[in-house]
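Structural overview for review
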Amino acid sequence: MPKYDVVVIGAGAAGLTAGALLAREGRSVCVLERSPHLGGRALAVDDEGFRLNLGGHLIEDSGSGLTKVFEHVGKELIHGEVSMEMPVWDNENRRWGSIRDRYGAHKTELKKVIKALTESSWDELEEWDDRPLRQWIHQHTTSQSVVDLFEFLAVLECLTDNWWDHSASDNLWVRKLHYEEKRRAAYSCWPGQGWDGMWQDLADAISGHGGDVRLNTAADRVIVEAGQVKGVALPHSPRVVPNDVEPGEVLEAEAVISTLPVWSVLNVVPEWDLPDWYAGQIRYLAQDRFRVAWLGLYLATEEPVTMFDPRELSTWLATPHSPTSGFMYDQTAMDPDSSPSGTHLYCLGGVIPGAKGRDRRYVLEMFERFEAGVYEMCPGLANHVWRRRGLVFDPPFGVVQKPMLVGAYRPHWKVPTVEGLYFASETFRSRGVGTDRAARAALTCVEDYLGRRIPTFGDGWRY
Ligand SMILES: Cc1cc2nc3c(=O)[nH]c(=O)nc-3n(C[C@H](O)[C@H](O)[C@H](O)COP(=O)(O)OP(=O)(O)OC[C@H]3O[C@@H](n4cnc5c(N)ncnc54)[C@H](O)[C@@H]3O)c2cc1C
């Protein structure tokens, strides 16, 4: 029976981070991945000559997260193009503008808010899990321009659209990080080695330090005995009849780090080993209506179509024909290899309520309206020579970051009743955005398992 210190379930951003850190720290580790790919939700795929990033667009790490993970395991996360501006579509007046035009005349007010934010401790921000972002800002200014800056960033990063839905704690956490590390409201970059290159680098770091990454290998069940993790059972193989429940190979381990999101984790971690309130928290967050879902649209044109710096990430609260808030960027400007020469690949998203994700008629109708709106906002896109529509729902971007659905309202990353069982997922208790958030969640669990902090990451904030 193979024996490891730790088995990690999932080879997405969290699983690869956990595996690479543990291997680098001299622990024997095996990362299990059900699919044939690395990267999980942040998967890059080839599609008729285009390279689409299905669940990863820009990395929101200003330095202390995913970037430091790479550094610690002997790799480099290359920070590519950085977006400096934020064009915003004003749907009422049907025109584009810059976010700077909104707050430009209110710099003193903005400085006041930045000062209040950077002087707030992480613990103080934790207390804002139950209230909207605007409520926190209004303590320091009533300038709508400053509010706009913070709220449009919330639309881009968390895909929430109404002001009362932007969580204070989650959004402020990222703003504080970026102001402190990069002295700017937002920082996002394209990975220089490409999304798939990034995941391969981490997998290489795992094997380079003696760890195993097993693709096409699903975890069937986490084994717990007398409140202690014993390992992970794999499915019986070969599986001849589809309803085979014969026990399969067991990988023994003293700890298991599951990186499965809330909507799939209970398929593998037996609910009877968890307190019912804890499993209840997982089930609550796993509801469709809390999924961040959107209409994903890739359009390729022969001529560049945007009116601003093509590297900019633009945003809006609604299009002329749909209530979908969203985002757009020119992927070819970030990575010229992602589209055939002579074409420009644009990536757009139009957010829909998670509860509508299974309603195919709604989705198709909204795609028509979203596209019609986009063609008015950016007329050049109507002349696209290639299109790919995709629904972001299963899997979704994540669990929506609304008040009372973040921070302490999420299940803790360590189960109180099972020794050695960790949940390193951005859908559990964690802070940050997307892949960087997943990496930070993994770091938290790895350090707890090691019983010490890893010096590379300093003594700053951890969950
Ligand atoms: C369309 C879209 C766009 C996004 N855009 C961005 C962005 O621009 N920037 C950003 O930072 N983030 C973005 N994200 C979010 C980002 O992709 C996720 O936050 C991140 O990838 C989550 O990583 P994870 O490792 O926590 O989870 P996952 O990536 O979900 O990894 C879990 C892994 O577990 C595997 N698995 C499942 N069941 C089993 C099993 N039984 N045994 C073994 N393995 C199993 C899955 O195959 C998967 O690989 C986006 C997501 C989507 C969907």
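Residues numbered from 1 in each chain as written. Predicted model: local features only at pLDDT ≥ 70, side-chain atom pairs only at ≥ 80, totals over all residues.

**Observations concerning unusual backbone geometry**
What counts, and what does not: Helix and strand labels come from DSSP, where a helix needs a run of H or I of at least four residues and a strand needs a run of E of at least two; each type is numbered from the N terminus. To sort residues by burial, count the other C-beta atoms lying within 10 Å of each one's C-beta; a count of 20 or more means buried, 12 or fewer means exposed, and anything in between means partly exposed. C-beta atoms are built from the backbone.
Omega for the bond connecting Ser237 with Pro238 falls within 30 degrees of zero, at -5 degrees, which places this linkage in the cis form. You can see Pro238 is positioned in the loop between strand S11 (228–235) and strand S12 (247–258). The step from Asp394 to Pro395 runs through a cis peptide bond, and the omega angle for that step is 15 degrees. Structurally, Pro395 can be placed in the loop between strand S17 (386–392) and strand S18 (421–423). Not every positive phi belongs to a glycine, and Leu159 is a case in point at roughly 60 degrees. Topologically, Leu159 is positioned in the loop between helix H7 (144–158) and helix H8 (168–182). Residue classification places Leu159 among the buried positions, given that 22 C-beta atoms sit within 10 Å.

**A word on the environment of Val45**
Put simply, the rule reads: C-beta atoms are first placed from the backbone for all residues, and any pair lying within 7 Å is then listed as a contact.
On the secondary structure map, Val45 appears in strand S3 (residues 44–47). A sequence separation of 150 residues divides Val45 from Trp195, and the C-alpha atoms of the two residues are 9.8 Å apart. Aside from chain neighbours lying at most four places away, what touches Val45 is Leu52 and Leu54.

**Describing H7**
Since there are 3.6 residues in each turn of an α-helix, residues three or four apart along the chain are aligned in direction. The condition that has to hold: By this rule, a helix spans an expected 1.5 Å times one less than how many residues it contains.
Here H7 is 15 residues long and its end C-alpha atoms lie 20 Å apart, about the 21 Å a rise of 1.5 Å per residue gives. Extensive coverage of H7 is indicated by the burial of 12 of its 15 residues. Restricting attention to buried positions, one finds in H7 the residues Val146, Val147, Leu149, Phe150, Glu151, Phe152, Leu153, Ala154, Val155, Leu156, Glu157 and Cys158. Of the residues flanking the end of H7, it is Leu159, one or two places downstream, whose phi is positive at about 60 degrees.

**Things to note about the pairing of strand S2 (residues 29–32)**
Using the following cut-off: Strands were regarded as paired on the criterion that DSSP finds at least two bridges between them. Whether a crossover is right-handed comes down to one check: with the strands pointing away from the viewer, does the path from the first strand over the helix to the second run clockwise; if it does, it is right-handed.
Covered by surrounding structure in S2 are Val29 and Val31 together with Cys30 and Leu32, the residues of both alternating faces. As judged from the four bridges shared by strand S1 (residues 3–9) and S2, these two strands associate in the parallel manner. Bridge pairing links Val7 to Cys30 in S2. On the question of chirality, the crossover connecting S1 to the parallel S2 by way of helix H1 (residues 13–24) is right-handed.

**Some remarks on the domain arrangement of the protein**
This is how it is decided: Where each domain begins and ends is defined by an automated method or by a domain database.
When its domains are assigned, the protein resolves into domain 1 (3–79 + 193–287 + 401–457), domain 2 (84–182) and domain 3 (293–392). Each of domain 1 and domain 3 has a C-alpha centre, and the two are 30 Å apart. Counting residues at the interface gives eight residues for domain 1 and 13 residues for domain 3. Looking at the side of domain 1 that touches domain 3 element by element, the count peaks at three residues for strand S4 (residues 50–53).

**As for the pairing of strand S15 (residues 326–330)**
With respect to burial, S15 is a largely interior element, five of its five residues being buried. Alternating residues of S15 divide into Gly326, Met328 and Asp330 and Phe327 and Tyr329, and every residue in both groups is buried. Pairing geometry for strand S14 (residues 314–316) and S15, over three bridges, is antiparallel. For Ser314, the partnering residue across the bridge sits in S15 and is Met328. Two strands pair when backbone bridges link them, and S15 and strand S16 (residues 344–352) are joined in this way by five bridges, in the antiparallel orientation. Bridging from a neighbouring strand, Tyr329 pairs with Cys347 of S16.

**Topic: the sheet that holds S17**
Going by this rule: Throughout, an axis means a line fitted to C-alpha atoms (over the contacting stretch in the case of helices), and angles, computed between N-to-C directions, take values from 0 to 180 degrees.
If you walk across this open sheet you meet the seven strands as S7-S6-S14-S15-S16-S13-S17, and the pairing is mixed. Of all strands in the sheet, those bounded by a partner on one side alone are strand S7 (95–98) and S17. Taking the axes of each pair of neighbouring strands and ignoring which way they run, one obtains an average angle of 20 degrees across the sheet. Both strand S6 (residues 87–90) and S7 contribute to a ladder of four bridges, which runs antiparallel. In the sheet register, Pro87 faces S7, and the bridge partner there is Ser98. Contacts from helix H12 (residues 360–377) reach S6, strand S13 (293–301), S16 and S17 within the one sheet, and its direction differs from that of S13 by about 45 degrees.

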